[in-house]
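Below, each chain spelled out in residue letters.
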Number of protein chains: 2
Amino acid sequence: MTSTPLSRSEAKDLTRRKLIKAALAILDEEGEAGLTTVKVAKAAGIAQSSFYVHFKDMQDLLRELAEEGGRRLRRAMREARSKAREAPSDLDRHRETFRIPLEAICRHPELLRIQMRAKHDPSSSLRAFALETSAAYREHHAADLAALGYTADDERDRRRLEMIAEGINAATNALAMGHLEGRYPDLEEAADILVALSRGALRLLRSSAAERST
Amino acid sequence: MTSTPLSRSEAKDLTRRKLIKAALAILDEEGEAGLTTVKVAKAAGIAQSSFYVHFKDMQDLLRELAEEGGRRLRRAMREARSKAREAPSDLDRHRETFRIPLEAICRHPELLRIQMRAKHDPSSSLRAFALETSAAYREHHAADLAALGYTADDERDRRRLEMIAEGINAATNALAMGHLEGRYPDLEEAADILVALSRGALRLLRSSAAERST
DNA sequence: TTTTTCACCGATAGTACTATCGGTGAAATT
DNA sequence: AATTTCACCGATAGTACTATCGGTGAAAAA
């Protein structure tokens, strides 16, 4: 065992991280309603009153959580994009566009669970964050589809592209959750379905583009 | 104005319905966390303690709400099926399969909001109901797709059909919510997208069926 | 008419959580 | 070595909600 001659600030930072980690676990297991200073402090191994040494109140902790979540998400989206670019063919690139987020969700399912919950809960402190995240991911995906060659020239096509992105996102989340619940054991099959779904939608864009050029 | 010589049982039933209605409104506006006997009773115009004349506790009211919701949903699914059958062509039938639920959601968006929230909230008393509802709707939609001629013979195709149904359902909900939020003003466009999405997925089933018969 | 029933009331005990307080000891500074 | 700082502690006042109590008056039953 290594001895632990922690400086005061190091020790404080460690406790703070413990609080955040504990909050995340409780948030996932019991939801925002079950998240109390009593439980978080106990799980982090400190007194309830000491919670306030680190955060002004629970809102403050949740704000921090949202900021960290946002940072992680932006990093993940950047990485996903550069990874997908490595794919040799258009087909592979299209497929990677779905495989990567599916795997990301399965690596940290609690983040999606928390986000999906907050998105629809008007009382949630994380709601604004969840809505922003959703919008960011929708735009990201719309850009991905556009990068595959389905450029949207007019207002209507841009809206369509966004609808497709939103629909496909929702389907991605649903299938990932289904996988985690054990209903769809093979993640590759889920990716197949998503590719097929988006193919159908993109065919719509292509056909309307062809119509226009007639 | 008609005079109101209500019998005792009629008056009680009226109060009960007022409580349920108030609970639904609060559930939609503030979420399950904001649902208290104080607020529900006040909104229904009775004393907080009188809440217990009608329900054992809040769980009891939520159970009643879930049962009523279940009854409504089953009725709506029956009606949707018979309505879709009226469509003259296969194409129209396919489109109606999406138009009908989209319109149903927009008629009572609070029901979907409450359900989506409960589905992901482990602390929710309505969670079991939300999960059942989800599963029922998934099966319903899978049956709809099968009725369009995409019969699933083996295990793999059955699972695929279910994944498609789940994905399309999620997309339907997402687009309906987007419409309600004002992002997608035209519900017909949303239906177009959903038809296109499902077309793509069903093409996958058809191609694998063709492959098998080679 | 007399008696019983019961939906509703106000009061209140009990429970859970928040947020602040002064006190303590060890780390950091002087 | 003396002093200051501060992360943490236990205690507790304040707040919000739950669930039960006995009381009341009007409807229903006798």
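These numbers were taken from a predicted model, which means no experiment stands behind them.

Reading the values: the criteria
Sequence order sets the numbering: in each chain, residues are counted from 1 along the sequence as written. Chains carry letters and ligands carry numbers; both start at the beginning, A for chains and 1 for ligands, and go up in the order they are written. Local features in this predicted model are restricted to residues whose pLDDT is 70 or higher, and side-chain atom pairs enter the listing and the counts only when it is 80 or higher, whereas totals over whole chains, interfaces and linings include all residues. Here the side-chain values reflect all heavy atoms present in the structure, with hydrogen atoms and water set aside. Segments assigned H or I by DSSP are reported as helices when at least four residues long, segments assigned E as strands when at least two residues long, and all are numbered from the N terminus. Here's how the labels work: a residue is buried when its accessible area is under 20% of the maximum for its type, exposed when over 50%, partly exposed in between, all with a 1.4 Å probe on protein chains only. For this analysis, residues touch if any pair of their heavy atoms sits within 4.5 Å. Those domain boundaries reflect an automatic or database domain assignment. Buried surface area refers to the total accessible area, computed with a probe of radius 1.4 Å, that the two partners give up upon joining, counted for both partners together. Every case where a carboxyl oxygen of Asp or Glu lies within 4 Å of a side-chain nitrogen of Lys or Arg is listed as a salt bridge. Pairing of N or O atoms within 3.5 Å defines a polar contact, subject to two protein rules: one partner must be a possible hydrogen donor and the other a possible acceptor, and residues neighboring in sequence count only if both atoms are side-chain atoms. In this analysis an axis means a line fitted to C-alpha atoms, helices contributing only their contacting stretch, and an angle means the value between N-to-C directions, from 0 to 180 degrees. Relative orientations are named as follows: roughly parallel for angles under 35 degrees, roughly antiparallel for angles over 145 degrees, roughly perpendicular for angles from 65 to 115 degrees, and oblique for any other angle. Distances are taken per atom, and a residue is near a molecule or strand as soon as one of its heavy atoms is within 4 Å of it. Each crossing gets its handedness from the near helix: less than a right angle anticlockwise from the far helix is left-handed, clockwise is right-handed.

Engineer: Whenever I open this one, the overall build of chain A confuses me. Can you help?
Structural biologist: Within chain A, the regular secondary structure consists of 9 helices and 0 strands. When the helices and strands of chain A are placed in sequence order, the string is α-α-α-α-α-α-α-α-α. Oriented by its inertia axes, the alpha-carbon framework of chain A measures out at about 70 × 40 × 35 Å. Residue burial in chain A is summarised as follows: out of 214 residues, 46% are buried. In chain A, 62% of the contacts between residues at least 6 apart in sequence involve partners at least 24 apart.

Engineer: How should I be thinking about the domain arrangement of chain A in this particular structure?
Structural biologist: Size of an interface: often given as the accessible area lost when the parts come together. Residues and elements named next belong to chain A. Split by domain assignment, chain A resolves into domain 1 (7–55) and domain 2 (66–212). One C-alpha centre belongs to domain 1, the other to domain 2, and the line joining them spans 32 Å. Each partner contributes residues to the interface: domain 1 has 6 residues there, and domain 2 has 9 residues. With both sides pooled, the region where domain 1 packs onto domain 2 buries about 620 Å², and carbon together with sulfur makes up 50% of that total. When the buried surface of domain 1 facing domain 2 is broken down by residue, Leu24, Asp28 and Glu32 rank first, second and third, together holding 73% of it. In this structure, arginine 113 engages aspartate 28 in a salt bridge whose closest nitrogen and oxygen atoms are separated by 2.7 Å. Remark: the boundary between domain 1 and domain 2 carries 5 residue pairs in polar contact (both at pLDDT 80 or more).

Engineer: What am I meant to see in the interface of chain B and chain A here?
Structural biologist: Contact with chain B, which involves 41 residues of that partner, is made by 41 residues of chain A. Buried area between chain B and chain A, both sides added, is near 3,500 Å², and the carbon and sulfur share of it is 66%. Linking chain B with chain A are 4 salt bridges, by the criterion used here. Glu166(B) is the partner of Arg183(A) in a salt bridge, and the nearest nitrogen-oxygen pair spans 2.5 Å.

Engineer: In this structure, what is going on with the packing of helix H6 (residues 109–120) of chain A against helix H7 (residues 127–147) of chain A? I would like to understand it.
Structural biologist: A packed helix pair is summarised by two numbers, namely the angle formed by the two axes and the spacing between the axes. All names here are of chain A. Interaxial distance between H6 and H7 falls to 8 Å at its minimum, and their mutual angle equals 110°. The angle between H6 and H7 places the two elements in the roughly perpendicular class. Judged by residue contacts, Gln115, Ala118, Lys119 and His120 of H6 engage Arg127, Ala130, Leu131, Thr133 and Ser134 from H7.

Engineer: I keep staring at the pattern of salt bridges and nothing clicks. Help me out?
Structural biologist: When the charged atoms of two side chains with opposite charge come close together, those side chains can pair. Summed over all chains, the structure comprises 44 salt bridges over all chains. Of the charged contacts in the structure, one is a salt bridge between Arg17(B) and Asp13(B), with a shortest N-O distance of 2.6 Å. With Arg17(B) and Asp13(B) both in helix H1 (residues 8–30) and 4 residues apart, this pair spans about one turn of that helix. Residues Asp90(B) and Arg93(B) are paired through a salt bridge, measuring 2.6 Å at the closest nitrogen-oxygen approach. Here Arg93(B) and Asp90(B) lie together in helix H5 (residues 90–107), a separation of 3 residues that amounts to about one turn. According to the relative accessible area criterion, Arg93(B) is partly exposed, its value standing at 25%. When salt bridges with common partners are traced through the structure, they connect Arg95(A), Glu96(A), Arg99(A), Glu103(A), Glu188(A) and Asp192(A) into a single cluster.

Engineer: Looking at this model, I keep getting lost on the protein's contact with DNA strand D. Mind explaining?
Structural biologist: Neighbouring DNA strand D are 18 residues; Arg8(A), Ala47(A), Ser49(A), His54(A) and Thr37(B) lie closest to it. Residue Arg8(B) places a main-chain N or O atom 3.0 Å away from a phosphate oxygen belonging to DNA strand D. A distance of 3.0 Å is found between a base nitrogen of DNA strand D and a side-chain nitrogen or oxygen belonging to Gln48(B). Of all the elements in the fold, those that place two or more residues in the surface near DNA strand D are helix H1 (8–30) and helix H3 (51–54) of chain A together with helix H2 (37–44) of chain B.

Engineer: What exactly am I supposed to notice about the packing of helix H8 (residues 155–180) of chain A against helix H8 (residues 155–180) of chain B here?
Structural biologist: Between H8(A) and H8(B), the shortest axis-to-axis distance is 7 Å and the interhelical angle comes to 130°. By the angle class used here, H8(A) and H8(B) are oblique. Of the two elements, H8(A) crosses H8(B), and the hand of that crossing is right-handed. Side by side, H8(A) and H8(B) meet where Met163(A), Glu166(A), Gly167(A), Ala170(A), Ala171(A), Ala174(A) and Leu175(A) of the first sit next to Met163(B), Glu166(B), Gly167(B), Ala170(B), Ala171(B), Ala174(B) and Leu175(B) of the second.

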